[in-house]
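A look at the structure
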Amino acid sequence: MSIRTGDLPLKAQLAKELANSNMREAIANGQDLLNSKRDASFEELGDYEQWRETAGAIRSHVLENLDYYLNQFANQADAAGAHVYFAKDDVQATGYCLEILQTKNAVKAVKSKSMVTEEISLNEVLEEAGIEVIETDLGEYLLQVDDHDKPSHIVVPALHKNREHFRRILAEKKGYTGDNVPENITRFVRQLIREDFMTADVGITGCNFAVAETGTVTLVTNEGNGRFVTTAPKTQIVLMGMERIVPTFAELDIMFSVLARSAIGAKLTSYMSLITGPKGETDRDGPEDLHIIIVDNGRSKVLESGFREVLRCIRCGTCMLECPAYRHISGHGYGTLYPGPLGLALVPVLAGYEDYKEITKICSLCGRCNEVCPVKVPLYESIFEHRRIIAEEGNLTNVGEKFLMGGYGNVIGHPSLYNLTTKTAHFSSAAPVVGPLKQWSLDRELPEIPKTRFRDWYAAREKKAGEK
Amino acid sequence: MITGKEQFVARVSSCLNRTKVPEHPTELVRPHQMQKNYLAGAPHRELIETFIANSHALGIDVHRCPVNDLTATLIQVIGEIDGPVILANDPLLTGKTAEILGREAGDCHVWDLGESRETNMNRAERAKVGIAVAELGLAETGSTLLFSHLDSGRSITLLPENSIIIVRAESIKPRLTQAMELLQRTEILPSSVNFISGPSATADIELVRVQGVHGPLELIYIIVD
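As a further point, take the overall build of chain B. Counting its regular elements, chain B contains 6 helices and 13 strands. Across its three principal axes, chain B shows a C-alpha extent of roughly 70 × 45 × 45 Å. Counting across all 225 residues of chain B, residues that qualify as buried make up 55%. Of all intrachain contacts in chain B linking residues separated by at least 6 positions in sequence, the fraction that spans at least 24 positions is 71%. Roughly 9500 Å² of accessible area belongs to chain B as shown, and the carbon and sulfur atoms make up 49% of that amount.

The subject of this paragraph is the side chain of R299 of chain A. For R299 of chain A, the location among the structural elements is in helix α13 (residues 299-304). Among residues more than four places away in sequence, those in contact with R299 of chain A are V116, E119, G241, M242, E243, L311, R315, Y338 and L350 of chain A.

With that settled, consider the interface of chain B and chain A. Listed as interface residues are 86 residues of chain B and, on the opposing side, 108 residues of chain A. When chain B packs against chain A, the two sides together hide about 8000 Å² of surface, and 56% of this comes from carbon and sulfur. Among the residues of chain B in contact with chain A, R117, I205 and H214 of chain B are the three that bury the most area, contributing 11% of the side total. Our count for the contact surface shared by chain B and chain A stands at 8 salt bridges. Across the pair R175 of chain B and D253 of chain A runs a salt bridge, and its minimum N-O distance is 2.9 Å. Our count for the contact surface shared by chain B and chain A stands at 52 residue pairs in polar contact (both at pLDDT 80 or more). Taken together, the elements giving at least two residues each to the side of chain B that touches chain A come down to β1 (2-3), α1 (5-15), α5 (117-126), α6 (176-185), β10 (192-196), β11 (201-202) and β12 (210-211) of chain B. Sort the elements by how many residues they give to the side of chain B that touches chain A and α1 of chain B lands first, with 7 residues. In the side of chain B that touches chain A, the residues fall into 38 nonpolar, 30 polar and 18 charged.

Okay, the sheet that holds strand β7 (residues 143-147) of chain B next. One open sheet holds the 8 strands; their spatial order is β8(A)-β5(A)-β6(A)-β9(A)-β10(B)-β7(B)-β6(B)-β9(B), and the pairing between them is mixed. Each of the sheet's edge strands pairs with one partner strand only, and the pair in question is β8 (245-246) of chain A together with β9 (172-173) of chain B. Alignment of strand β6 (residues 216-221) of chain A against strand β9 (residues 271-275) of chain A, held across 5 bridges, turns out to be antiparallel. Within β9 of chain A, the residue paired with L219 of chain A across the bridge is S273 of chain A. In the packing of helix α12 (residues 249-264) of chain A onto the sheet, contacts are made with β5 (209-211), β6, β8 and β9 of chain A, and the angle to β5 of chain A comes to roughly 165 degrees.

In this section: helix α4 (residues 96-105) of chain B. All names here are of chain B. Where α4 is concerned, the buried positions are T97, A98, I100 and L101. In an axial view of α4, the angular spread of the buried residues amounts to 165 degrees, which keeps them on one side of the axis. What points out from α4, more than 90 degrees from its buried face, is the exposed set K96, E99 and R103. Buried residues along α4 sit in contact with α3 (70-81), β3 (85-87), β4 (108-110) and β5 (129-133). One or two residues past the end of α4 sits G106, with phi positive at roughly 85 degrees.

Let us look at the pairing of strand β2 (residues 108-111) of chain A. Note on strand geometry: in a regular strand, side chains alternate between the two faces of the sheet. All names here are of chain A. Of the two faces of β2, the one carrying K108 and V110 and the one carrying A109 and K111 are both buried. Where β2 and strand β3 (residues 132-135) come together, 4 bridges link them in parallel fashion. Across the sheet, residue K108 finds its bridge partner in β3, namely E132.

For the rest of this paragraph, the subject is the sheet that holds β1 of chain B. Read from one edge to the other, the open sheet built from 7 strands follows the order β3(A)-β2(A)-β4(A)-β7(A)-β10(A)-β1(A)-β1(B), with strand pairing classed as parallel. Edge positions in the open sheet fall to β3 of chain A together with β1 of chain B, since each of these has one partner strand only. Bridge count between strand β1 (residues 83-87) of chain A and strand β10 (residues 289-295) of chain A: 5 bridges; the pairing is parallel. By the bridge assignment, Y85 of chain A is partnered in β10 of chain A with I293 of chain A.

With 86% of its residues at a pLDDT of 70 or more, chain A has an overall mean of 88. Between residues 417-446 of chain A, whose pLDDT stays under 50, and residues either more than four places distant or in other chains, the model counts 32 contacts.

Take the packing of α12 of chain A against α6 of chain B next. Orientation of α12 of chain A relative to α6 of chain B, taken along the N-to-C sense of each, is 150 degrees, at an axis distance of 8 Å. Considering their axes alone, α12 of chain A and α6 of chain B lie roughly antiparallel with respect to each other. As for how α12 of chain A packs across α6 of chain B, the hand of that crossing is right-handed. In contact with F249, A250, L252, D253, F256 and S257 of chain A of α12 of chain A, α6 of chain B contributes L176, T177, M180, L183 and Q184 of chain B. Class assignment for the residues of the contact of α12 of chain A with α6 of chain B results in 7 nonpolar, 3 polar and 1 charged.

Rules of the game
- Residues numbered from 1 in each chain as written.
- Chains lettered and ligands numbered in written order.
- Predicted model: local features only at pLDDT ≥ 70, side-chain atom pairs only at ≥ 80, totals over all residues.
- Heavy atoms only, no water.
- Helix = DSSP H or I, 4+ residues; strand = E, 2+ residues; numbered from the N terminus.
- Buried < 20%, exposed > 50% of the residue type's maximum accessible area, 1.4 Å probe, protein only.
- Contact = heavy atoms within 4.5 Å.
- Areas by Shrake-Rupley, 256 points an atom, 1.4 Å probe, with all protein chains shown as cover.
- Buried area = accessible area lost by both parts, 1.4 Å probe.
- Salt bridge = Lys/Arg side-chain N within 4 Å of Asp/Glu carboxyl O.
- Polar contact = N/O pair within 3.5 Å; in protein donor to acceptor, adjacent residues only side chain to side chain.
- Nonpolar A, V, L, I, M, F, W, Y, C, P; charged D, E, K, R; others polar.
- Pairing = 2+ DSSP bridges.
- Axes fitted to C-alpha atoms, helices over the stretch in contact; angles between N-to-C directions.
- Arc of directions from axis to C-beta.
- pLDDT = per-residue confidence, 0-100.
- Parallel < 35°, antiparallel > 145°, perpendicular 65-115°, else oblique.
- Left-handed = near helix turned anticlockwise from the far one by under 90°.

Put into structure tokens, the structure is as follows:
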């Protein structure tokens, strides 16, 4: 896959998804269930705003010092015995990965779920070279068997398909003779993949967070596939986006604490694996060789733009679960690897306005995503700013440079500047005449985030309609 | 070995409007310290009770016994499962315990650094039960912290269908925060450290929870006093 996942024009894509009532029902149920579980898990934790403010401050600090921490992480991982490779783009990253597999004469690789490997089309490159690549996350495995159908959500990839569909696919492709009970399907897949785990030459994983102080990479999974991929094969390759860093274990505590609650409404996932270097000489299992590939692939463009704070994202999927537009069109409607509010904020900078200006319209600016993001990514402001740029800039080809020169573009979500700006705006009743917002707000007023949650408003409206 | 760092990091520096990597990061100001409040100053009895309650909520079976009764408790728990056993090479489990378990279970192996990778992993793959000892238990989440290396290989708590983890009562702490403090104090980190919070599980088909995917189907804690 790559950043673009759909092949239809946007309007046709949207029409197709809107007509898919099975999918819409599945996504709506999924959103409702996961949202209520998340609300409950944070309520139990308490101090919701304090956790978000702290997690957001940590992510923002990392971005501000990213050169320092990348340097430190690489040195520490190297000292622990890992090989660290810096890749500026998808071609370098996949090329190096393939080189490792070919050096090892590998014919089979097992993978645990990773967004960055999707972004750089790693599976396609390896498969073209004749290497068998097996996705081991249950949802991703089922989609792979289903003629490489695409994920519709970044955490629960097969949310758009039902049990009977998967029973039929497994019967057709893998000789499954059982019923459509999820437990029985899961047991069948367990047996199939167990063999692959034990015979694969290479394990490929992503990385949820990398600890700069110790050179540790971490993996968060429920199914145990992340542990398997880092236990059985003799070679392990980790691919990580360059912004995945935390300074120390003290910050990892905060990030782990908010990630599982946000993603699946659980306090923690079943497994959180912390890997520091390859296995020791006297260890008996684990990889003999550990390669860590750190990927830029457009992230530095985001870092230098006014949209830097979008890189805070920890890929929990919360904004998608809360989004009323996502509810009706699913991840497929956007036609981009990163869908939902995050996708709208990130993709136009990562991959350019030329190809991704239309998608920014898939948003009602209800602002709900901002209120639930566990690291306080300024999603609402970013999407709004994209729309402004697209509307006001005639020539979009060199917009990247203009990000740097524009006033508003520099302050989206940055703690110190943003506080200053809102304070300035606060003290002057109309448009501020001084301060960073001056130029921009001469023309228009700052949008206000609605006070009522969309969910609450909608629930109240439904209730009212029901009473009539 | 590191490849391509200088150029890559220089590009990142330039994106941050500077010409070289600073000698120190800016100060990290954490606005709140709410993570330290959880069960702060609670009596140890409460930590253990909370740990047990939260483990149960995750579908984990919990037993508790004095350390001298560990062998008897293990025999009882393993007897219900019936099948080959693999043990971590830990003072709590080896010696007399391993010997008695060997007689009872018939097929019982201790993770053996004198044997090859293949031999150890095949034993774990064949085993119905894997037994290891936790560094810590965490009350808030019913989690255990395991150092999965050397005498306690990664495979022990991963390959067998049933996983038994021994938790020393005095090692139970409030939450993840205290575990991270332990890791920060650990001079040489093991190559593999795992937090375990329940048996392997998924909800990938229609969000229906299924217990037991690639890792253990059942998880059992034995707390020893």
